[in-house]
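Fold and geometry: a report
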Amino acid sequence: MTETQAPTQTAAFNKADLAAVVYAVATHAGPLKPEDALEVQQIAQAMIRLLIGLPLHSDGQLTVKTLAVEAGLRRNKLTHKHTGLKDLFYALVKAQDRRPKIADRLQQENTALTEKLKKAQADRSELANRVDQYARIIHVLEVENHQLREQCQPGGVVLPLHNRE
């Protein structure tokens, strides 16, 4: 095994362990009604997807609301009926010492968009300054033009300048 292969296999092994632990804990309660067993299975699968950072139906945040969306259930199923699974989820989130991949991606996008916004604001400020400068120049030219028109006598003659060669 090379150095580049080790992290991939370790990550896959950890994900498999996580899946096994979550499912074992979720189904450990004993015999369940069929609808409860289905809910437990959906919650366990959603927990695994969220904890490994690969959500299918949600934004990937590590909250009970997102867990319910990911499981395709109403939130009260976790807050009132399957409170043990909710507590397990929060314990696993707390034990996890990293942010989910989707949060990292969103942070990178946020940083890029913030930089883009700063550049756009700087460009806008520069353009606004240029517009103000051009307005002042146009005003000065209008005043000079008006003064030249006033100096010109009605019926005055315009003489061409001769080239000096």
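Everything here concerns the structure above.
First, a word on what this report is: a plain description of the structure on this page. What you are looking at is a predicted structure, and each value in this text was computed from that prediction instead of being measured.

Take the nonpolar core next. Counting residues in each nonpolar core, the largest one holds 21 residues, and the members touching the most others are Val22, Ile43, Met47, Leu67, Leu78 and Phe89. Counting residues per element, the ones that place at least two in this core are helix H2 (34-52), helix H3 (64-71) and helix H5 (83-95). The element contributing the most residues to this core is H2, with 8 residues. Those residues within four positions of isoleucine 43 in sequence are excluded, and the remaining contacts are Leu67, Ala71, Leu73, Leu78, His82 and Leu85.

Right, let's get into the packing of H2 against H3. Helices that pack against each other are described as a pair by the angle of their axes relative to one another and the distance between those axes. Where H2 meets H3, the axes come as close as 8 Å, and the angle between the chain directions of the two elements is 115°. Judged by the sense of rotation from one axis to the other, the crossing of H2 with H3 is right-handed. Seen from H2, the contacting residues are Gln42, Ile43, Ala46, Met47, Arg49 and Leu50; seen from H3, they are Thr66, Leu67, Glu70 and Ala71. Its residues assigned to classes, the contact of H2 with H3 comprises 6 nonpolar, 2 polar and 2 charged.

About the cut-offs
Residues numbered from 1 in each chain as written. Predicted model: local features only at pLDDT ≥ 70, side-chain atom pairs only at ≥ 80, totals over all residues. Heavy atoms only, no water. Core = buried A, V, L, I, M, F, W, Y, C linked by side-chain atoms within 4.5 Å. Buried < 20%, exposed > 50% of the residue type's maximum accessible area, 1.4 Å probe, protein only. Helix = DSSP H or I, 4+ residues; strand = E, 2+ residues; numbered from the N terminus. Contact = heavy atoms within 4.5 Å. Axes fitted to C-alpha atoms, helices over the stretch in contact; angles between N-to-C directions. Left-handed = near helix turned anticlockwise from the far one by under 90°. Nonpolar A, V, L, I, M, F, W, Y, C, P; charged D, E, K, R; others polar.

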